[in-house]
Amino acid sequence: MSLLQRSLAAVWHPCTQMKQHETLPLIAIARGEGPWLIAEDGQRYLDAVSSWWVNLFGHCNAHINQRLREQTEKLEHVILAGFTHEPVVRLSEELSALTGHALGHAFYASDGASATEIALKMSVHYWRNTGRLAKTRFVSLAGSYHGETVGALAVTDIALFREAYAPLVRAAATVASPDARAAEPGESAADVAIRAAAALEHFLAEHHAETAALIVEPLVQCATGMAMYDPEYLRRARALCDQYEVHLIADEIAVGCGRSGKFFAMEHTGVWPDFLCLSKGISGGYLPLSLVLSTDTVYQAFYADEVARGFLHSHSYTGNALACTAALATLEIFRDERVLEANAQRAAWLARAAEPIAAHPAVKHLRQQGMILAFDVACPESGFARGFHAHALAEGLLLRPIGNTVYWMPPYVLDEAQCQWLGERTLAALSKTLAGVP
Ligand SMILES: *Cc1c(COP(=O)(O)O)cnc(C)c1O
(Lines give C-alpha, C1' and ligand atoms only; values in the text may rest on other atoms or scores of the structure.)
Protein backbone atom coordinates (compact mmCIF):
# COMPACT_ATOMS: atom_id res chain seq x y z
CA MET A 1 0.00 0.00 0.00
CA SER A 2 1.17 3.53 -0.71
CA LEU A 3 1.64 6.00 2.12
CA LEU A 4 -1.55 7.77 1.02
CA GLN A 5 -3.61 4.58 1.12
CA ARG A 6 -2.17 3.71 4.53
CA SER A 7 -3.02 7.20 5.80
CA LEU A 8 -6.62 6.92 4.61
CA ALA A 9 -6.93 3.53 6.28
CA ALA A 10 -5.35 4.39 9.64
CA VAL A 11 -5.47 8.18 10.14
CA TRP A 12 -8.74 9.99 10.77
CA HIS A 13 -7.91 13.44 9.38
CA PRO A 14 -9.15 16.64 11.08
CA CYS A 15 -11.90 18.90 9.79
CA THR A 16 -12.45 16.45 6.92
CA GLN A 17 -15.31 14.43 5.47
CA MET A 18 -13.08 11.45 4.77
CA LYS A 19 -15.23 10.29 1.85
CA GLN A 20 -14.17 13.39 -0.13
CA HIS A 21 -10.72 11.82 -0.37
CA GLU A 22 -12.20 9.36 -2.86
CA THR A 23 -11.77 12.18 -5.38
CA LEU A 24 -9.39 14.66 -3.75
CA PRO A 25 -6.04 12.95 -3.13
CA LEU A 26 -4.15 13.42 0.11
CA ILE A 27 -0.70 14.93 -0.21
CA ALA A 28 2.18 13.34 1.66
CA ILE A 29 4.76 15.92 2.70
CA ALA A 30 8.33 14.69 2.96
CA ARG A 31 9.97 17.88 4.22
CA GLY A 32 9.64 21.61 4.71
CA GLU A 33 12.01 24.38 3.71
CA GLY A 34 11.17 27.99 4.58
CA PRO A 35 7.71 28.77 3.16
CA TRP A 36 7.81 25.61 1.01
CA LEU A 37 6.29 22.20 1.62
CA ILE A 38 7.96 19.50 -0.46
CA ALA A 39 5.86 16.43 -1.22
CA GLU A 40 7.01 12.83 -1.45
CA ASP A 41 6.57 13.09 -5.25
CA GLY A 42 8.83 16.17 -5.39
CA GLN A 43 6.03 18.74 -5.90
CA ARG A 44 6.56 22.03 -4.04
CA TYR A 45 3.74 24.02 -2.43
CA LEU A 46 3.97 27.54 -1.01
CA ASP A 47 2.45 27.30 2.47
CA ALA A 48 0.30 30.44 2.16
CA VAL A 49 -1.80 29.54 5.23
CA SER A 50 1.17 28.88 7.54
CA SER A 51 -0.09 25.31 8.05
CA TRP A 52 -3.33 26.42 9.76
CA TRP A 53 -1.92 29.76 10.95
CA VAL A 54 0.82 28.35 13.17
CA ASN A 55 4.06 28.62 11.23
CA LEU A 56 5.69 32.04 11.56
CA PHE A 57 9.27 31.71 10.31
CA GLY A 58 9.11 28.96 7.75
CA HIS A 59 9.51 25.22 8.10
CA CYS A 60 12.69 23.77 9.61
CA ASN A 61 13.83 27.15 10.85
CA ALA A 62 17.54 26.95 11.65
CA HIS A 63 17.38 29.08 14.82
CA ILE A 64 14.43 27.24 16.39
CA ASN A 65 15.97 23.89 15.43
CA GLN A 66 19.22 24.84 17.15
CA ARG A 67 17.50 26.00 20.36
CA LEU A 68 15.42 22.81 20.49
CA ARG A 69 18.50 20.62 19.97
CA GLU A 70 20.22 22.36 22.90
CA GLN A 71 17.16 22.00 25.14
CA THR A 72 16.68 18.28 24.37
CA GLU A 73 20.14 17.71 25.88
CA LYS A 74 19.07 19.44 29.12
CA LEU A 75 15.41 18.80 29.93
CA GLU A 76 12.50 17.72 27.76
CA HIS A 77 9.69 18.02 30.31
CA VAL A 78 8.98 18.15 34.02
CA ILE A 79 5.72 18.29 35.99
CA LEU A 80 4.89 21.98 36.52
CA ALA A 81 3.04 21.48 39.83
CA GLY A 82 5.63 21.95 42.57
CA PHE A 83 8.45 22.33 40.02
CA THR A 84 9.61 24.98 37.61
CA HIS A 85 12.30 25.48 34.97
CA GLU A 86 14.18 28.24 33.19
CA PRO A 87 12.29 28.17 29.84
CA VAL A 88 8.81 28.54 31.39
CA VAL A 89 9.99 31.31 33.73
CA ARG A 90 11.73 33.26 30.99
CA LEU A 91 8.81 32.89 28.60
CA SER A 92 6.34 34.12 31.23
CA GLU A 93 8.55 37.12 32.06
CA GLU A 94 9.03 38.03 28.40
CA LEU A 95 5.31 37.84 27.62
CA SER A 96 4.49 39.92 30.68
CA ALA A 97 7.02 42.52 29.52
CA LEU A 98 5.43 42.57 26.06
CA THR A 99 2.15 43.65 27.72
CA GLY A 100 3.96 46.36 29.71
CA HIS A 101 3.28 44.04 32.70
CA ALA A 102 -0.47 44.66 32.41
CA LEU A 103 -0.91 40.88 32.09
CA GLY A 104 1.75 39.47 34.37
CA HIS A 105 0.53 35.94 35.17
CA ALA A 106 0.82 33.15 32.58
CA PHE A 107 -1.13 29.87 32.83
CA TYR A 108 -0.13 27.16 30.33
CA ALA A 109 -1.87 24.45 28.28
CA SER A 110 -1.23 22.79 24.94
CA ASP A 111 -3.86 23.81 22.41
CA GLY A 112 -5.96 26.85 21.69
CA ALA A 113 -9.31 25.38 22.73
CA SER A 114 -7.83 24.60 26.16
CA ALA A 115 -6.72 28.22 26.49
CA THR A 116 -10.31 29.29 25.81
CA GLU A 117 -11.57 26.83 28.43
CA ILE A 118 -9.07 28.16 30.96
CA ALA A 119 -10.07 31.79 30.39
CA LEU A 120 -13.78 30.92 30.72
CA LYS A 121 -13.22 28.87 33.88
CA MET A 122 -10.93 31.49 35.45
CA SER A 123 -13.50 34.21 34.79
CA VAL A 124 -16.37 32.31 36.44
CA HIS A 125 -14.12 31.19 39.30
CA TYR A 126 -12.97 34.78 39.83
CA TRP A 127 -16.56 35.95 40.24
CA ARG A 128 -17.27 33.01 42.56
CA ASN A 129 -14.24 33.86 44.69
CA THR A 130 -15.44 37.47 44.92
CA GLY A 131 -18.98 36.47 45.93
CA ARG A 132 -20.70 37.07 42.57
CA LEU A 133 -22.17 33.60 42.16
CA ALA A 134 -24.70 34.57 39.48
CA LYS A 135 -22.01 35.52 36.98
CA THR A 136 -21.73 32.24 35.05
CA ARG A 137 -22.77 33.16 31.49
CA PHE A 138 -20.72 34.34 28.50
CA VAL A 139 -21.32 36.51 25.49
CA SER A 140 -19.46 36.27 22.19
CA LEU A 141 -19.74 37.86 18.75
CA ALA A 142 -21.85 36.51 15.92
CA GLY A 143 -19.65 34.26 13.81
CA SER A 144 -17.09 33.83 16.58
CA TYR A 145 -14.68 30.88 16.75
CA HIS A 146 -12.88 30.00 19.97
CA GLY A 147 -12.17 26.29 19.54
CA GLU A 148 -14.07 23.03 19.37
CA THR A 149 -13.94 21.32 22.75
CA VAL A 150 -17.35 21.25 24.43
CA GLY A 151 -16.72 24.31 26.59
CA ALA A 152 -15.15 26.31 23.78
CA LEU A 153 -18.04 25.39 21.45
CA ALA A 154 -20.31 27.30 23.83
CA VAL A 155 -18.71 30.54 22.63
CA THR A 156 -18.17 29.39 19.02
CA ASP A 157 -20.97 30.62 16.75
CA ILE A 158 -20.33 28.49 13.65
CA ALA A 159 -23.28 26.15 13.04
CA LEU A 160 -21.28 23.56 11.06
CA PHE A 161 -19.00 22.95 14.06
CA ARG A 162 -21.69 23.15 16.75
CA GLU A 163 -24.95 21.71 15.49
CA ALA A 164 -24.27 18.00 16.01
CA TYR A 165 -23.19 18.64 19.60
CA ALA A 166 -25.92 21.12 20.57
CA PRO A 167 -27.27 18.84 23.33
CA LEU A 168 -23.85 18.94 25.04
CA VAL A 169 -23.29 22.66 24.80
CA ARG A 170 -24.54 25.43 27.08
CA ALA A 171 -24.49 28.00 24.32
CA ALA A 172 -23.43 31.55 25.15
CA ALA A 173 -25.35 34.63 24.06
CA THR A 174 -24.18 36.31 20.86
CA VAL A 175 -24.16 39.99 20.01
CA ALA A 176 -23.71 41.68 16.63
CA SER A 177 -20.30 41.38 15.01
CA PRO A 178 -18.59 44.67 14.09
CA ASP A 179 -17.62 43.09 10.72
CA ALA A 180 -16.83 46.09 8.49
CA ARG A 181 -18.51 44.41 5.52
CA ALA A 182 -21.84 45.26 7.16
CA ALA A 183 -21.30 48.97 6.37
CA GLU A 184 -24.31 50.68 4.80
CA PRO A 185 -23.57 53.07 1.89
CA GLY A 186 -21.72 56.06 3.34
CA GLU A 187 -20.83 54.25 6.58
CA SER A 188 -17.20 53.70 7.63
CA ALA A 189 -15.78 50.66 9.44
CA ALA A 190 -15.72 52.79 12.60
CA ASP A 191 -19.45 53.53 12.17
CA VAL A 192 -20.18 49.79 12.03
CA ALA A 193 -18.02 49.28 15.14
CA ILE A 194 -19.90 52.00 17.03
CA ARG A 195 -23.24 50.45 16.01
CA ALA A 196 -22.11 47.00 17.19
CA ALA A 197 -20.84 48.48 20.47
CA ALA A 198 -24.28 50.00 21.03
CA ALA A 199 -25.78 46.52 20.63
CA LEU A 200 -23.27 45.20 23.17
CA GLU A 201 -24.26 47.96 25.60
CA HIS A 202 -27.90 47.05 25.15
CA PHE A 203 -27.08 43.42 25.97
CA LEU A 204 -24.91 44.20 29.00
CA ALA A 205 -27.40 46.67 30.45
CA GLU A 206 -29.89 43.82 30.62
CA HIS A 207 -27.65 40.82 31.38
CA HIS A 208 -24.56 42.05 33.25
CA ALA A 209 -25.64 40.48 36.54
CA GLU A 210 -25.33 36.95 35.13
CA THR A 211 -22.56 37.63 32.58
CA ALA A 212 -19.02 36.65 33.57
CA ALA A 213 -17.17 37.64 30.40
CA LEU A 214 -17.27 38.87 26.85
CA ILE A 215 -14.91 36.88 24.61
CA VAL A 216 -13.67 38.38 21.33
CA GLU A 217 -11.20 37.70 18.55
CA PRO A 218 -9.54 41.13 18.34
CA LEU A 219 -9.70 42.87 14.91
CA VAL A 220 -10.16 39.73 12.78
CA GLN A 221 -12.69 36.93 13.23
CA CYS A 222 -10.60 34.47 11.31
CA ALA A 223 -12.46 31.15 11.15
CA THR A 224 -15.78 32.65 10.11
CA GLY A 225 -14.08 34.03 6.98
CA MET A 226 -11.59 36.75 7.96
CA ALA A 227 -14.20 39.27 9.13
CA MET A 228 -12.17 42.41 9.91
CA TYR A 229 -13.30 45.29 12.08
CA ASP A 230 -12.31 48.66 13.46
CA PRO A 231 -10.36 48.82 16.76
CA GLU A 232 -12.90 51.33 18.08
CA TYR A 233 -15.14 48.37 18.87
CA LEU A 234 -12.58 46.99 21.32
CA ARG A 235 -12.05 50.35 23.04
CA ARG A 236 -15.80 50.64 23.56
CA ALA A 237 -16.12 47.00 24.61
CA ARG A 238 -13.37 47.56 27.21
CA ALA A 239 -15.18 50.60 28.63
CA LEU A 240 -18.53 48.76 28.71
CA CYS A 241 -16.97 45.73 30.40
CA ASP A 242 -15.52 48.03 33.08
CA GLN A 243 -18.83 49.84 33.52
CA TYR A 244 -20.86 46.62 33.84
CA GLU A 245 -18.24 44.54 35.72
CA VAL A 246 -17.80 41.93 33.02
CA HIS A 247 -14.42 40.44 32.05
CA LEU A 248 -12.99 41.01 28.60
CA ILE A 249 -11.26 37.93 27.15
CA ALA A 250 -9.10 38.59 24.07
CA ASP A 251 -8.63 35.38 22.10
CA GLU A 252 -5.41 36.19 20.22
CA ILE A 253 -4.79 32.55 19.31
CA ALA A 254 -4.92 33.46 15.60
CA VAL A 255 -4.28 37.22 15.55
CA GLY A 256 -1.49 37.34 18.16
CA CYS A 257 2.24 36.92 17.55
CA GLY A 258 2.55 39.67 14.95
CA ARG A 259 -0.25 38.53 12.62
CA SER A 260 -2.19 41.81 12.98
CA GLY A 261 0.87 44.01 12.38
CA LYS A 262 1.68 44.44 16.08
CA PHE A 263 2.76 41.65 18.42
CA PHE A 264 -0.63 41.64 20.18
CA ALA A 265 -3.70 42.73 18.22
CA MET A 266 -4.89 44.57 21.36
CA GLU A 267 -1.93 46.95 20.92
CA HIS A 268 -3.92 48.59 18.10
CA THR A 269 -6.47 49.71 20.71
CA GLY A 270 -4.50 51.21 23.60
CA VAL A 271 -6.38 49.02 26.11
CA TRP A 272 -5.76 45.54 27.56
CA PRO A 273 -8.19 42.71 28.27
CA ASP A 274 -8.49 40.89 31.61
CA PHE A 275 -7.44 37.64 29.93
CA LEU A 276 -5.42 37.14 26.76
CA CYS A 277 -5.21 33.72 25.06
CA LEU A 278 -2.24 32.80 22.85
CA SER A 279 -1.40 29.63 20.95
CA LYS A 280 -0.80 28.79 17.26
CA GLY A 281 2.17 31.03 16.34
CA ILE A 282 3.67 31.29 19.83
CA SER A 283 5.87 28.22 19.33
CA GLY A 284 6.71 29.23 15.75
CA GLY A 285 4.51 26.37 14.54
CA TYR A 286 6.74 23.73 16.13
CA LEU A 287 5.02 22.29 19.19
CA PRO A 288 1.59 22.45 20.81
CA LEU A 289 1.61 25.29 23.33
CA SER A 290 -1.06 27.67 24.57
CA LEU A 291 -1.35 30.06 27.46
CA VAL A 292 -3.63 32.54 29.14
CA LEU A 293 -2.20 35.80 30.44
CA SER A 294 -4.16 37.52 33.19
CA THR A 295 -4.05 40.60 35.36
CA ASP A 296 -2.85 40.87 38.94
CA THR A 297 -6.43 41.63 40.03
CA VAL A 298 -7.54 38.25 38.69
CA TYR A 299 -4.53 36.46 40.17
CA GLN A 300 -5.04 37.94 43.65
CA ALA A 301 -8.66 36.71 43.78
CA PHE A 302 -7.33 33.12 43.73
CA TYR A 303 -4.47 33.68 46.21
CA ALA A 304 -5.74 32.42 49.57
CA ASP A 305 -5.33 29.87 52.34
CA GLU A 306 -8.17 27.66 51.05
CA VAL A 307 -7.06 25.19 48.37
CA ALA A 308 -10.41 25.35 46.57
CA ARG A 309 -10.02 29.09 45.94
CA GLY A 310 -6.99 28.28 43.81
CA PHE A 311 -7.16 27.53 40.11
CA LEU A 312 -6.81 23.75 40.21
CA HIS A 313 -6.97 23.21 36.45
CA SER A 314 -4.12 21.22 34.89
CA HIS A 315 -2.91 19.46 31.76
CA SER A 316 -0.23 16.78 31.70
CA TYR A 317 2.04 18.80 29.44
CA THR A 318 1.48 22.17 31.15
CA GLY A 319 4.54 24.37 30.53
CA ASN A 320 6.40 21.74 28.50
CA ALA A 321 10.07 22.73 28.41
CA LEU A 322 10.59 22.01 24.70
CA ALA A 323 7.47 23.94 23.68
CA CYS A 324 8.51 26.90 25.88
CA THR A 325 11.98 26.76 24.32
CA ALA A 326 10.46 26.92 20.82
CA ALA A 327 8.44 29.95 22.00
CA LEU A 328 11.54 31.66 23.42
CA ALA A 329 13.37 31.04 20.14
CA THR A 330 10.36 32.56 18.34
CA LEU A 331 10.53 35.69 20.51
CA GLU A 332 14.30 35.89 19.88
CA ILE A 333 13.65 35.96 16.12
CA PHE A 334 11.07 38.73 16.59
CA ARG A 335 13.71 40.81 18.39
CA ASP A 336 16.88 39.93 16.50
CA GLU A 337 15.38 40.18 13.03
CA ARG A 338 13.09 43.15 13.78
CA VAL A 339 10.22 41.11 12.38
CA LEU A 340 7.40 43.59 13.00
CA GLU A 341 9.22 46.28 10.99
CA ALA A 342 10.04 43.81 8.22
CA ASN A 343 6.42 42.67 8.13
CA ALA A 344 5.23 46.25 7.51
CA GLN A 345 7.18 46.06 4.25
CA ARG A 346 6.01 42.50 3.58
CA ALA A 347 2.37 43.50 4.12
CA ALA A 348 2.81 46.27 1.53
CA TRP A 349 4.20 43.72 -0.95
CA LEU A 350 1.17 41.50 -0.33
CA ALA A 351 -1.16 44.47 -0.91
CA ARG A 352 0.58 45.26 -4.20
CA ALA A 353 0.47 41.61 -5.28
CA ALA A 354 -3.29 41.59 -4.61
CA GLU A 355 -4.06 44.64 -6.80
CA PRO A 356 -4.77 42.60 -9.97
CA ILE A 357 -7.00 40.32 -7.88
CA ALA A 358 -8.99 43.28 -6.57
CA ALA A 359 -9.65 44.31 -10.18
CA HIS A 360 -11.28 40.94 -10.98
CA PRO A 361 -15.05 41.48 -11.48
CA ALA A 362 -16.02 38.60 -9.14
CA VAL A 363 -13.85 39.84 -6.25
CA LYS A 364 -15.44 41.82 -3.42
CA HIS A 365 -14.28 43.25 -0.09
CA LEU A 366 -10.55 42.80 -0.58
CA ARG A 367 -9.25 43.59 2.89
CA GLN A 368 -6.06 43.38 4.92
CA GLN A 369 -4.93 43.50 8.52
CA GLY A 370 -1.16 43.19 8.75
CA MET A 371 -0.15 39.73 7.56
CA ILE A 372 -3.72 38.62 6.77
CA LEU A 373 -5.18 39.46 3.36
CA ALA A 374 -8.62 38.22 2.27
CA PHE A 375 -11.26 38.69 -0.40
CA ASP A 376 -14.73 37.34 -1.11
CA VAL A 377 -15.72 35.79 -4.43
CA ALA A 378 -19.17 36.40 -5.90
CA CYS A 379 -20.23 32.99 -7.21
CA PRO A 380 -22.43 30.11 -6.05
CA GLU A 381 -20.93 28.89 -2.79
CA SER A 382 -21.41 25.17 -3.34
CA GLY A 383 -18.10 23.60 -4.19
CA PHE A 384 -16.14 26.87 -4.53
CA ALA A 385 -13.77 26.26 -1.62
CA ARG A 386 -12.95 22.70 -2.70
CA GLY A 387 -12.59 23.62 -6.36
CA PHE A 388 -10.36 26.60 -5.59
CA HIS A 389 -8.23 24.58 -3.18
CA ALA A 390 -7.58 21.96 -5.91
CA HIS A 391 -6.73 24.60 -8.54
CA ALA A 392 -4.42 26.37 -6.08
CA LEU A 393 -2.57 23.09 -5.41
CA ALA A 394 -2.09 22.65 -9.16
CA GLU A 395 -0.56 26.16 -9.17
CA GLY A 396 1.83 25.18 -6.36
CA LEU A 397 -0.08 26.95 -3.57
CA LEU A 398 -1.53 25.72 -0.31
CA LEU A 399 -4.70 27.82 0.13
CA ARG A 400 -7.92 26.74 1.84
CA PRO A 401 -10.82 29.15 1.28
CA ILE A 402 -13.48 29.45 3.99
CA GLY A 403 -16.77 29.36 2.08
CA ASN A 404 -16.33 32.01 -0.61
CA THR A 405 -13.54 33.82 1.22
CA VAL A 406 -10.00 33.31 -0.07
CA TYR A 407 -7.25 34.41 2.30
CA TRP A 408 -3.48 34.61 2.61
CA MET A 409 -1.92 34.10 6.01
CA PRO A 410 1.68 33.31 5.02
CA PRO A 411 4.76 32.82 7.19
CA TYR A 412 6.81 35.96 7.85
CA VAL A 413 9.58 34.97 5.45
CA LEU A 414 8.24 35.78 1.96
CA ASP A 415 10.36 38.12 -0.16
CA GLU A 416 8.96 40.56 -2.71
CA ALA A 417 9.21 38.11 -5.63
CA GLN A 418 7.44 35.38 -3.65
CA CYS A 419 4.61 37.79 -2.76
CA GLN A 420 4.28 38.67 -6.43
CA TRP A 421 4.25 34.99 -7.40
CA LEU A 422 1.61 34.26 -4.74
CA GLY A 423 -0.58 36.99 -6.28
CA GLU A 424 -0.18 35.68 -9.84
CA ARG A 425 -0.86 32.06 -8.93
CA THR A 426 -3.86 32.97 -6.78
CA LEU A 427 -5.38 34.91 -9.68
CA ALA A 428 -4.74 31.96 -12.03
CA ALA A 429 -6.42 29.54 -9.60
CA LEU A 430 -9.36 31.93 -9.26
CA SER A 431 -9.81 32.29 -13.02
CA LYS A 432 -9.72 28.51 -13.53
CA THR A 433 -12.18 27.90 -10.70
CA LEU A 434 -14.65 30.48 -12.02
CA ALA A 435 -14.25 29.22 -15.59
CA GLY A 436 -15.31 25.78 -14.34
CA VAL A 437 -12.08 24.11 -15.42
CA PRO A 438 -12.30 20.59 -13.93
C1 LIG B 1 -7.48 28.03 16.15
C2 LIG B 1 -8.22 28.86 17.11
C3 LIG B 1 -8.65 28.36 18.35
C4 LIG B 1 -8.47 26.91 18.75
O5 LIG B 1 -7.14 26.52 18.79
P6 LIG B 1 -6.81 24.93 18.68
O7 LIG B 1 -5.35 24.85 18.94
O8 LIG B 1 -7.17 24.55 17.26
O9 LIG B 1 -7.65 24.24 19.68
C10 LIG B 1 -9.29 29.21 19.21
N11 LIG B 1 -9.50 30.50 18.88
C12 LIG B 1 -9.12 31.02 17.70
C13 LIG B 1 -9.37 32.46 17.43
C14 LIG B 1 -8.49 30.21 16.77
O15 LIG B 1 -8.15 30.71 15.56
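Everything below is about the structure printed above this text.
First, a word on scope: everything that follows refers to the structure included in this document.

Parameters at a glance
- Residues numbered from 1 in each chain as written.
- Predicted model: local features only at pLDDT ≥ 70, side-chain atom pairs only at ≥ 80, totals over all residues.
- Heavy atoms only, no water.
- Buried < 20%, exposed > 50% of the residue type's maximum accessible area, 1.4 Å probe, protein only.
- Helix = DSSP H or I, 4+ residues; strand = E, 2+ residues; numbered from the N terminus.
- Pairing = 2+ DSSP bridges.
- 1 Å grid on protein atoms, 1.4 Å probe; cavity = no way out; pocket = protein on both sides within 12 Å on 5 of 7 lines; lining within 4 Å.
- Points joined across faces, edges and corners; volume = space filled by probe spheres on them.
- Nonpolar A, V, L, I, M, F, W, Y, C, P; charged D, E, K, R; others polar.

## Some thoughts on the pairing of strand E14 (residues 372-377)
Here is step 1 of the chain: Taking burial as the measure, the 6 residues of E14 include 6 buried ones, the bulk of the element.
Here is step 2 of the chain: A two-sided burial pattern is seen for E14, the buried positions comprising Ile 372, Ala 374 and Asp 376 on one face and Leu 373, Phe 375 and Val 377 on the other.
Here is step 3 of the chain: Pairing geometry for strand E13 (residues 363-369) and E14, over 5 bridges, is antiparallel. Pairing of Lys 364 across the sheet is with Asp 376, part of E14.
Here is step 4 of the chain: Hairpin connection between E13 and E14: a loop of 2 residues separates the two successive antiparallel strands, and Gly 370 in this loop has a positive phi of roughly 60°.
Here is step 5 of the chain: Here E14 pairs with strand E16 (residues 405-408) via 4 bridges, running antiparallel. For Leu 373, the partnering residue across the bridge sits in E16 and is Trp 408.

## Quick notes on the layout of surface pockets
Here is step 1 of the chain: Computed from the structure, the second largest pocket encloses a volume of approximately 780 Å³.
Here is step 2 of the chain: In this structure, the second largest pocket is lined by 28 residues; those nearest its centre are Ala 106, Phe 107, Tyr 299, Phe 311 and His 313.
Here is step 3 of the chain: For the lining of the second largest pocket, the secondary structure elements donating two or more residues are strand E4 (105-109), strand E12 (290-294) and helix H10 (296-302).
Here is step 4 of the chain: The element contributing the most residues to the lining of the second largest pocket is E4, with 4 residues.
Here is step 5 of the chain: Of the residues in the lining of the second largest pocket, the class split is 16 nonpolar, 10 polar and 2 charged.

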